[in-house]
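Given next are the chains, with one letter for each unit.
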Amino acid sequence: MAPPSRTVLLRGGRVIDPSQDLDRQADVLLADGKVARIADNITPPEGAEVRQLRGLVVCPGLIDLHVHLREPGGEHKETIASGARAAAAGGFAAVCAMPNTDPPVDDPAAVGFVVAEGVRAGAARVYPVGAISVGQKGEHLTEVGEMVDAGAIAISDDGYPVADAGLMRLALEYAQTFGIPVASHCEDRSLSRGGAMNEGAVATRLGILGIPAAAEDVVIARDLLLAELTGGRLHIQHVSTRRGVEMIREAKRRGVPVTAEATPHHFALTEDAVEGYRTEMKVNPPLRAAADVAAVREGLADGTLDAIATDHAPHHYDEKEQAFDDAPFGVIGLETALGLALTELVGKGILTLPQLVDRMSCAPARAFRLSGGTLRAGAPADLTVFDPAAEWTVVPEQLLSRSRNTAFAGWKLRGRALVTIVDGRVIWDQLSAGAAEEAHAPRSPRARAG
Amino acid sequence: MLAAPALGKDLVGLERLSAEQIRAVLDTAEPFKEISERRIKKVPVLRGKTIVNLFFEPSTRTRISFEFAEKRLSADTVNIVTVGSSVAKGETLVDTARNLEAMRIDMVVIRHSASGAAEFLAQRIPSNVVNAGDGRHEHPTQALLDMLTIRDHLGRLESVRVCIVGDILHSRVARSNIWGLTRLGAEVAVCAPRTLLPAGIEELGVRVFPRIEAACEWADVLNVLRLQLERMQGGYVPTLREYNRVFGVTRERIERVPRRLLILHPGPMNRGVEIDSDVADGPHSLILDQVTNGVAVRMAVLYLLAGGAPEKAEAAKHGAAE
Ligand SMILES: [Zn+2]
């Protein structure tokens, strides 16, 4: 179980909170599980735990809108508890769990199970996303209202994209009653069927059937039109194409109620990474061409793509140890996302640090109307402390996820989460009190994780 | 005399072979052809070697051709034919690889429905691996025998114009032919309906003919691929009748060309679909030569992978080499 909440004073960090235009060195006081206040030189109250954070960034806790925790049904890949701990280790204070488990999360009882297991894990908050359709079969709407009462914060059929435009329209209309967004994995299966990577010259050379960008684009177009028609809140998941980014940008300009996310693998890798039939690069949507990657980066920079989400998709090692066509889609991402965003986006001048905090915390909170995403006084004390300069190498064996299927093994990253706090409780801690130099020491998988 | 470059541990595809390596296989195949003409068709070149023909996909033709090649070189052979995907059977390719390794075999000839399967195996076992067709990726020995057949008839491959006709999208033969032929200086084109061409095919260095008539006018050789009838369900072409009308290699189409157009087909043929019988059995057809050359090319590949040298192939043929 998680340690109890106590009074904590975070001293001297660079406090970045775009929700209140804040970016300066300051002290942050947490009490009773809430942000008490932010000011220069706060005198520590009696019994407070004091952390010296000079040189480190303090921001609202990171929120991942898109993870797969595999429980129930795939516990050998990940459990809600192991996923919540991996999230905490990656700096995430909250994650949104997709419903395509076995059985799927398509009724209030299943939603309640995810909530209860998330609480029991005592690590990152786990918010369930309910299914759009019963059994994710794309036929009948689920009991959305009941699921929302049980704790669902959005609905999505993610891996089983809704093919029927009429059903998608109903979902967008119906979800409005409950004030939740409909998250859409945009893929026209009649266009992507049989494909295993991006359609193009690399796929042609490798002899792998391709998934055209149009398989994603036609559904993005459809869903944008349906959001406009219904006024329902649409969230487009893992955007990977240039045209997709353009259409979302244009729709936002017209006032369509849409938000969107991009994953680290889609902003950091191109289809060339598949060369040599590397199954750890097999993801859906697939890694795209350089022009698409550039557009995704641009979309993140101008806010067309609101959020960075991992699509953390754990698979057991032997499932990826197969011929490319036979291997499952998906990579894990919780523990590398912040480092990749800092290295590939901030390090390359695409995002400023405050923009990064916005894309990984404030914007996700807004998109799914979650608590968090702000350090205003009175807000829940969900925070992340990271060292933007810490250099580290991704070693799969050291990750806390039950699965090792990272696309970034051996990558040298600059920037890493050190402390994650939820409700004022420290759930991940790589800083022994006061000894900032230890921030750079390699951590072991057994490190304290709540 | 310079030693010709060895083939390396495996033959996964032609994409990464040099022109010298490809030439070495073709040159080695020449003396081996004669072995098949003898009363006792056997030389002791691979005596004591164990070869497993691991076919996850049925292909009687290719398997038998390899088996003949292996037996003529005196290897001990075991055939494992597993119809359907290994995955469906619950045993993964990596399990199979480990089992083979534990049985101390020397070579594996693998045919698999997934692209990259041969490379996957080659990276994981110490035995020599020969790709006998992986998914839509490569089928190197088929391309080598096609090249040998063309070279036998035209005396060269440089500047020869070869057009591959048919289902390029799903074809492993097409890719291996494109790599091999272009590397040896041939000009290569493809001709198919757009639905059966993979995206970016031009980037592999080939030209595209949308119509068969233009392809016939341009080419010295047509390599006609099988239209896999199961593709019909995918709707890649509307009907077989239309395919034959628009893309079929017919006597009328090849006789309109004032040169002798050579016809290859890797088989098995759909007569009356991609190729008409009077072409397949006619004077332009080199289809039976391909079958004969298939055994010689496979003997050459196995011999080279086992450490044989191309310049010693003549000696090996007389049974002198070990
Ligand atoms: Zn998805």
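Residues numbered from 1 in each chain as written. Chains lettered and ligands numbered in written order. Predicted model: local features only at pLDDT ≥ 70, side-chain atom pairs only at ≥ 80, totals over all residues. Heavy atoms only, no water.

### A short note on the packing of aromatic side chains
Residue and element names in this part refer to chain B. Put simply, the rule reads: For Phe, Tyr and Trp, where Trp contributes only its six-membered ring, two rings pair if their centres lie within 6.5 Å, and the inter-plane angle classes them as stacked under 30 degrees, edge-to-face over 60, or tilted in between. Note on conventions: DSSP H or I runs of at least 4 residues are helices, E runs of at least 2 residues are strands, and numbering of each starts at the N terminus. Between buried and exposed lies partly exposed: a residue is buried under 20% and exposed over 50% of the maximum accessible area for its type, with that area taken using a 1.4 Å probe on protein chains only. Remark: a charge is flagged as sitting over a ring if the NZ atom of Lys or the CZ atom of Arg is within 6 Å of the ring centre and within 35 degrees of the ring normal.
In this structure the tally under the stated criterion is five aromatic pairs over all chains. A ring pair is formed by Phe32 and Tyr303, whose centres lie 5.2 Å apart and whose planes are at 90°; its orientation type is edge-to-face. In this pair, Phe32 is assigned in helix H1 (residues 19-33) and Tyr303 in helix H12 (residues 287-305), connecting sequence segments 271 residues apart. Classification of Tyr303 by relative accessible area gives buried; the value is 4%. The ring of Phe120 has Arg124 lying over it, and the distance from NZ or CZ to the ring centre is 3.7 Å. Between the NZ or CZ atom of Arg298 and the centre of the ring of Phe66, over which it lies, the distance is 4.9 Å.

### Digging into the sheet that holds strand S7 (residues 207-209) of chain B
Residue and element names in this part refer to chain B. Definition in use: Note on pairing: DSSP must find at least two bridges between two strands before they are called paired. Axis definition: a line fitted to C-alpha atoms, limited for helices to the stretch in contact. Angles are taken between N-to-C directions and run from 0 to 180 degrees.
The strand order across the open sheet built from five strands is S7-S6-S5-S8-S9, with neighbouring strands paired in parallel fashion. Of all strands in the sheet, those with a lone pairing partner are S7 and strand S9 (262-264), marking the two edges. Between one strand and the next, the sheet's axes are offset by a mean angle of 25°, whatever the strand orientation. The sheet contact formed by strand S5 (residues 161-165) and strand S6 (residues 187-191) spans five bridges and is parallel. Opposite Arg161, over in S6, you have Glu187 as the bridge partner.

### Remarks on helix H9 (residues 240-247) of chain B
All names here are of chain B. Keep this limit in mind: As used here, the arc is the angular range of directions from the helix axis to the C-beta atoms. Whether two residues touch is decided by their heavy atoms; if any such pair falls within 4.5 Å, the residues are in contact.
Along H9, the residues classified as buried are Tyr243, Asn244 and Phe247. Across the axial projection of H9, the buried residues extend over an arc of 105°, all falling on one side. Exposed residues pointing more than 90 degrees away from the buried face of H9 are listed as Arg241 and Arg245. For H9, the elements touching its buried residues are S5, S6, helix H7 (212-218) and helix H10 (251-255).

### Considering the packing of helix H5 (residues 140-154) of chain B against helix H6 (residues 172-183) of chain B
All names here are of chain B. How we decide: Orientation categories follow fixed angle ranges, with anything under 35 degrees roughly parallel, anything over 145 roughly antiparallel, 65 to 115 roughly perpendicular, and all other angles oblique. In this scheme the handedness of a crossing depends on how the near helix is turned from the far one: anticlockwise by less than a right angle means left-handed, clockwise means right-handed. Basically, the charged four are Asp, Glu, Lys and Arg, the nonpolar ten are Ala, Val, Leu, Ile, Met, Phe, Trp, Tyr, Cys and Pro, and anything else, Gly included, counts as polar.
Axis separation between H5 and H6 bottoms out at 8 Å; the angle between their running directions is 55°. Taken as axis vectors, H5 and H6 run oblique relative to one another. Here H5 and H6 pass one another in a crossing that is right-handed. For the pair H5 and H6, contact is made by Pro140, Gln142, Ala143, Asp146, Met147 and Ile150 and by Val173, Ser176, Asn177, Gly180 and Leu181, respectively. Taken together, the residues of the contact of H5 with H6 sort by class into six nonpolar, four polar and one charged.

### Observations regarding the sheet that holds strand S2 (residues 76-81) of chain B
Sheet strands associate in pairs through backbone hydrogen bonding, adopting either a parallel or an antiparallel arrangement. Residue and element names in this part refer to chain B. Spatially, S2-S1-S3-S4 is the arrangement adopted by the four strands of the open sheet, whose pairing is parallel. Each edge of the sheet is formed by a strand with only one pairing partner; in this case those strands are S2 and strand S4 (128-134). Taken pair by pair, the neighbouring strands of this sheet meet at an average axis angle of 15°, ignoring direction. Bridge analysis of strand S1 (residues 50-55) against S2 gives six bridges, and the strand direction is parallel.

### A look at the environment of Leu29(A)
Residues and elements named next belong to chain A. With respect to the element layout, Leu29 can be found in strand S2 (residues 22-31). As for Leu29 and Leu10, which are separated by 19 residues in sequence, their C-alpha atoms are 6.3 Å apart. Each residue touching Leu29, except ones within four places of it in the same chain, is listed here: Thr7, Val8, Leu9, Lys34, Val35, Ala36, Arg37, Ile42 and Pro45.

### Considerations on the pairing of strand S7 (residues 92-97) of chain A
Residue and element names in this part refer to chain A. Note the following rule: The handedness of a crossover follows from its direction of travel: if, with the strands pointing away from the viewer, the path from the first strand over the helix to the second runs clockwise, the crossover is right-handed.
Within S7, six of the six residues are buried, which leaves it mostly tucked inside the rest of the structure. In the sheet, strand S6 (residues 62-67) pairs with S7 via four bridges, with the strands oriented parallel. Bridged to Asp64 within S7 is Val95. In the classification by handedness, the crossover that spans S6, the intervening helix H1 (residues 80-89) and the parallel S7 is right-handed. Judged from the four bridges that link them, S7 and strand S8 (residues 125-130) form a sheet pairing that is parallel. Bridge pairing in S8 places Cys96 opposite Tyr127.

### Some words on the interface of chain B and chain A
Stated precisely, the cut-off is as follows: Accessible area that two parts lose when put together, with a 1.4 Å probe and added across both, is what the buried area reports. Salt bridges are defined as contacts in which a side-chain nitrogen from Lys or Arg sits within 4 Å of a carboxyl oxygen from Asp or Glu.
Listed as interface residues are 24 residues of chain B and, on the opposing side, 17 residues of chain A. Between chain B and chain A, roughly 1,700 Å² of surface is buried when both sides are summed, and carbon and sulfur atoms account for 57% of that area. It is Ser115(B), Arg136(B) and Ala199(B) that lose the most area in chain B upon contact with chain A, and together they represent 26% of the buried surface on that side. Here chain B and chain A share three salt bridges between them. In this structure, Glu15(B) and Arg205(A) form a salt bridge, with 3.0 Å as the shortest nitrogen-oxygen distance. Going through the elements one at a time, helix H4 (117-124) and H6 of chain B are the ones with two or more residues in the side of chain B that touches chain A. It is H4(B) that contributes the most residues to the side of chain B that touches chain A, four residues altogether.

### Points about the environment of Asp158(A)
On the secondary structure map, Asp158(A) appears in the loop between strand S9 (154-156) and helix H4 (165-176). Considering only alpha carbons, one finds Asp158(A) and Glu261(A), 103 residues apart in sequence, at a separation of 13 Å.

### Structural notes on the side chain of Ser156(A)
All names here are of chain A. Under the convention used in this document: We call two N or O atoms a polar contact when they sit within 3.5 Å, provided that within protein one can donate a hydrogen and the other can accept it, with sequence-adjacent residues counted only if both atoms are side-chain atoms.
Considering the arrangement of structural elements, one finds Ser156 in strand S9. From its side chain, Ser156 meets the backbone oxygen of Ala183 in a polar contact 3.0 Å long. Polar contacts involving the side chain of Ser156 include one to the side chain of Gln237, which spans 3.3 Å. Once residues lying within four places of it in the same chain are set aside, the contact partners of Ser156 are Met98, Pro99, Val129, Gly130, Ala131, Ile132, Gln136, Ala183 and Gln237.

### Let's talk about the packing of helix H2 (residues 60-72) of chain B against H12(B)
Residue and element names in this part refer to chain B. Following both chains from N to C, one finds H2 and H12 inclined at 55°, their axes separated by 8 Å at the closest point. Here H2 lies oblique to H12, going by the angle between them. For H2 against H12, the interelement crossing comes out right-handed. Every residue of H12 that contacts H2 at Arg61, Thr62, Ser65, Phe66, Phe68, Ala69, Glu70 and Arg72 is listed here: Val291, Gly294, Val295, Arg298, Met299 and Leu302.

### Overview of the coordination of the zinc ion
Tetrahedral coordination by four donors sets the ideal angle at the metal to 109.5 degrees; octahedral coordination by six donors sets it to 90 or 180 degrees. Residues and elements named next belong to chain A. Let me state the cut-off plainly: The donor set covers N, O and S atoms within 2.8 Å of the metal, switching to 3.2 Å for Na, K and Ca, and it leaves out water, so a site may look short of donors.
Protein-derived coordination of the zinc ion comes from Asp158 (OD), His185 (ND1) and His238 (NE2), at a distance range of 2.1 to 2.2 Å. Considered as a linear motif, the donors of the zinc ion on their single chain read D-x26-H-x52-H. Of this pair, Asp158 sits in the loop between S9 and H4 while His238 sits in the loop between strand S13 (234-236) and helix H8 (242-253), and the two are 80 residues apart along the sequence. The two residues Asp158 and His238 agree in class, both being buried.

### Quick word on the confidence of the model for chain A
The following threshold applies: In predicted models, pLDDT denotes the confidence assigned by the predictor to each residue on a 0 to 100 scale.
Of all residues in chain A, 95% attain a pLDDT of 70 or more, and the chain-wide mean is 94. Segment residues 433-450 of chain A is flagged for pLDDT under 50; beyond a separation of four residues in sequence, or across chains, it makes 32 contacts in the model.

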